[in-house]
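If you want the building blocks of each chain, they are given just below.
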Amino acid sequence: MNLPVVDAPADTGEQKPPRWVVELILDLCGYTEAIDLTRLTLAMPDAGSGAFLLPTLERLVAARPAGRPWADLMPCIRGWGIPDRRLAGLRWAAAGVLTAAGCPSDTGEELCRAWLAAASPSSDAAAERWADVVVGGPVNADCHEHSLALLAEGGTVGFVGPDHWQHDEAGRRLRAKIATRGFAVDAVITLPANTPRGPLPANAPSRPVPATASTITIIRRGPQEDAVVAHLRPQFGPADTEALLDWIDFGSRRLSTPAVTATRLDHWPHSSAPWPSTDP
């Protein structure tokens, strides 16, 4: 059930990635109904756009084992950085998903109040290594580093946003941290041009901002294995995601179709060097 999320005013410059991009990120992070998602904690820093909320919640509800008390879902989602003007609307939309799935309304409202907040988590929740999955669109290196710090061992973060930090001098320190501090790059996927890239900085101009090229980046806390570098062409769309995921799981070294080109790399730079390009 896809209930509408209250949209941000048009003059804020705020953008949301398309639904298919969000679904692809969740798939790449392993956040699927094939496992018991009620045993995981998913974090959404800078959750103000609401892009990840309903797809995440719909998967969580679908994966909930029969008979599991609804209150047991309390630790499953943490989202913050939501503007006050949008908080009530996002809680309402989330509660609607829960109620439609059979959750008592008072329990649903309690869960949504606990899950979604305007402010950052309290000091106990801000401690490192408590999230199994972190998703969103960090807007600067500090946001990236904070998201990585939240990951538990084996946890995965899925970013969508500009990829300049993967190549320029300003991103050198972040690249070095990923390469030398126990993280692994699983996938870097350039989206078609003009795909909205997700949240914008708080000081973004108060006018519509043109959509620019953006990249999905999947990083895991764990040993580096092979990595996928892909470039999605303009004709790539929701119908192509299953074929891409199948290739990532079972395919050969290279993939080339009218919708996507991709390469599987045996190793990843173990340094602060610029990352391999995703250009076709």
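Note that the structure is predicted; figures quoted are calculated from it, not measured.

Observations regarding the pattern of salt bridges
Under the criterion given, the structure shown has 11 salt bridges. One salt bridge in this structure joins Glu23 and Arg19, with 2.8 Å as the shortest N-O distance. Of this pair, Glu23 and Arg19 both sit in helix α1 (residues 19–28), four residues apart, which is roughly one turn of that helix. Residue classification places Glu23 among the partly exposed residues on the basis of a relative accessible area of 21%. A salt bridge links Lys177 to Glu145; its shortest N-O distance comes to 3.5 Å. Taken as a pair, Lys177 in helix α6 (residues 172–180) and Glu145 in helix α5 (residues 141–150) lie far apart in primary sequence, 32 residues in all.

Observations regarding the sheet that holds strand β2 (residues 77–79)
Strand order in the open sheet formed by nine strands is β2-β1-β3-β4-β6-β5-β7-β9-β8, with mixed pairing between adjacent strands. In this open sheet, the two strands that pair with only one neighbour each are β2 and β8 (254–256). The sheet shows a mean angle of 10 degrees between the axes of neighbouring strands, direction not considered. Note: strand β4 (residues 151–161) against strand β6 (residues 215–221), six bridges, orientation antiparallel. Bridged to Phe159 within β6 is Thr217.

Here's the deal with helix α7 (residues 241–250)
Buried within α7 we find Thr241, Leu244, Leu245, Trp247 and Ile248. Seen along its axis, α7 keeps its buried residues to an arc of 160 degrees; they face one direction. For α7, exposure combined with an orientation more than 90 degrees from the buried face picks out Glu242, Asp249 and Phe250.

Side note on the pairing of β4
Most of β4 sits out of view: nine of its 11 residues are buried. With five bridges joining them, strand β3 (residues 131–136) and β4 adopt parallel strand pairing. Among the inter-strand pairings, Gly136 is bridged to a residue of β4, identified as Phe159. Handedness of the crossover joining β3 and β4 through α5: right-handed.

Side note on the pairing of strand β9 (residues 260–265)
Burial runs high along β9: five of the six residues are buried. As paired strands, β8 and β9 are joined by three bridges and run antiparallel to one another. Following the sheet pairing, Arg254 is matched in β9 by Thr263. Once β8 ends, the chain turns through three residues before running back antiparallel as β9.

Topic: the nonpolar core
Among soluble globular proteins, nonpolar side chains are generally buried collectively. The biggest cluster of nonpolar side chains holds 59 residues, and the ones touching the most others in it are Trp115, Ile216 and Leu244. Those residues in contact with Trp115 that sit more than four places away from it in its chain are Leu57, Leu60, Leu73, Met74, Cys76, Ile77, Arg78, Gly79 and Leu98. One finds Trp80, Leu151, Val188 and Val229 within the second-largest nonpolar core, a separate group that totals 20 residues.

What to know about the packing of α1 against helix α2 (residues 53–63)
Relative orientation of the contacting elements α1 and α2 amounts to 50 degrees, with a least axis distance of 9 Å. Classed by the angle they form, the pair α1 and α2 counts as oblique. For the pair α1 and α2, the crossing hand works out as right-handed. Together, Arg19, Val22, Glu23, Leu26 and Asp27 of α1 and Pro55, Thr56, Glu58 and Arg59 of α2 make up the contact between the two elements. In terms of residue class, the contact of α1 with α2 is made up of three nonpolar, one polar and five charged.

Rules of the game
Residues numbered from 1 in each chain as written. Predicted model: local features only at pLDDT ≥ 70, side-chain atom pairs only at ≥ 80, totals over all residues. Heavy atoms only, no water. Salt bridge = Lys/Arg side-chain N within 4 Å of Asp/Glu carboxyl O. Helix = DSSP H or I, 4+ residues; strand = E, 2+ residues; numbered from the N terminus. Buried < 20%, exposed > 50% of the residue type's maximum accessible area, 1.4 Å probe, protein only. Pairing = 2+ DSSP bridges. Axes fitted to C-alpha atoms, helices over the stretch in contact; angles between N-to-C directions. Arc of directions from axis to C-beta. Right-handed = clockwise from strand over helix to strand, strands pointing away. Core = buried A, V, L, I, M, F, W, Y, C linked by side-chain atoms within 4.5 Å. Contact = heavy atoms within 4.5 Å. Parallel < 35°, antiparallel > 145°, perpendicular 65-115°, else oblique. Left-handed = near helix turned anticlockwise from the far one by under 90°. Nonpolar A, V, L, I, M, F, W, Y, C, P; charged D, E, K, R; others polar.

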